[in-house]
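Fold and contact review
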Amino acid sequence: MMTTRTRFAVLAVAVVLLGYTFYERNYEVSALVGLGIVLLIRGYFKEGTVVLAAKAFRNKEYQKAETLLKEIRNPDYLRKARRGYYEFIYGNIELQRGNYNEAELHFQIASRFPLSSENDKGIVLVHLANLNLRKKEYDRAKAYIEIAKDLKISARIQSIIERIEKEIQKP
């Protein structure tokens, strides 16, 4: 859970420490520092700043969450679970801005990746159903609702699904 700037600062200190341990011919410690550097670089690509962005998003700090997500240069390198939350958070940010097409794109990508619970997957599907309901594409909205019904979801999400179903039946 480090920002990119912090990660690079720690990496710089680790490289200096690696040089010092080689100078002192302490190869066991050099190996450990080298392993730490490898794990730090791996974390940069596989983990990114998604956890920090999720924390900012929960605190309704949308600008900070977006800034943290933009630090990730290539989201394709993220682990599958992290990529799902990356897209989920970005979709919600675009939804807050009123960019419904961008939000739908991010939610569709998030629906393809595993999330921590079926309830989170249900939330993504409900967002997709709402966006399609807004565009009056009732068949697609109904398809998303049917998939969401098969998941283990909370009572709150279930009540939202029931309201969407009533809206679909009105036209």
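Residues numbered from 1 in each chain as written. Predicted model: local features only at pLDDT ≥ 70, side-chain atom pairs only at ≥ 80, totals over all residues. Heavy atoms only, no water.

- The protein is annotated in an unreviewed UniProt entry as Tetratricopeptide repeat protein of Arcticibacter tournemirensis.

Observations concerning the domain arrangement of the protein
- Here the protein is described as being made up of domain 1 (1–47) and domain 2 (50–169).
- Computed over C-alpha atoms only, the centres of domain 1 and domain 2 are separated by 36 Å.
- Across the contact, eight residues belong to domain 1 and ten residues belong to domain 2.
- Approximately 860 Å² of surface area, both sides summed, lies buried where domain 1 meets domain 2, with 52% of it carried by carbon and sulfur atoms.
- On inspection of domain 1 and its partner domain 2, the count reaches two salt bridges.
- Among the salt bridges present, the one from glutamate 47 reaches arginine 79, with a minimum N-O distance of 3.5 Å.
- Linking domain 1 to domain 2 there are three residue pairs in polar contact (both at pLDDT 80 or more).
- It is helix α2 (residues 27–46) that provides the largest number of residues to the side of domain 1 that touches domain 2, a total of three residues.
- Each residue belonging to the side of domain 1 that touches domain 2 can be placed in one class, and the counts come to four nonpolar, two polar and two charged. (Domains from an automatic or database assignment. Contact = heavy atoms within 4.5 Å. Buried area = accessible area lost by both parts, 1.4 Å probe. Salt bridge = Lys/Arg side-chain N within 4 Å of Asp/Glu carboxyl O. Polar contact = N/O pair within 3.5 Å; in protein donor to acceptor, adjacent residues only side chain to side chain. Helix = DSSP H or I, 4+ residues; strand = E, 2+ residues; numbered from the N terminus. Nonpolar A, V, L, I, M, F, W, Y, C, P; charged D, E, K, R; others polar.)

Looking at unusual backbone geometry
- Backbone geometry places arginine 25, a non-glycine residue, at a positive phi of 60°.
- Position of arginine 25 among the secondary structure elements: in the loop between α1 (4–23) and α2.
- Although it is not a glycine, lysine 136 adopts a positive phi angle of roughly 65°.
- On the secondary structure map, lysine 136 appears in the loop between α7 (118–134) and α8 (138–149).

Concerning the pattern of salt bridges
- This structure, assessed with the given rule, holds 13 salt bridges.
- Across the pair glutamate 61 and lysine 64 runs a salt bridge whose closest N-O atoms are separated by 3.9 Å.
- Classification of glutamate 61 as partly exposed rests on a relative accessible area of 35%.
- You can call lysine 64 partly exposed: its relative accessible area is 48%. (Buried < 20%, exposed > 50% of the residue type's maximum accessible area, 1.4 Å probe, protein only.)

Observations concerning the UniProt feature "transmembrane region" (unreviewed entry) in the protein
- Under the UniProt annotation, the feature "transmembrane region" (unreviewed entry) is placed at residues 7–23 and 29–45.
- Between the first and last C-alpha atoms of residues 7–23 the distance is 24 Å; the span itself is 100% helix and 0% strand.
- As annotated, residues 29–45 has a helix share of 100% and a strand share of 0%, and its two end C-alpha atoms lie 25 Å apart. (UniProt positions renumbered as here; feature names shortened; annotations may be inferred.)

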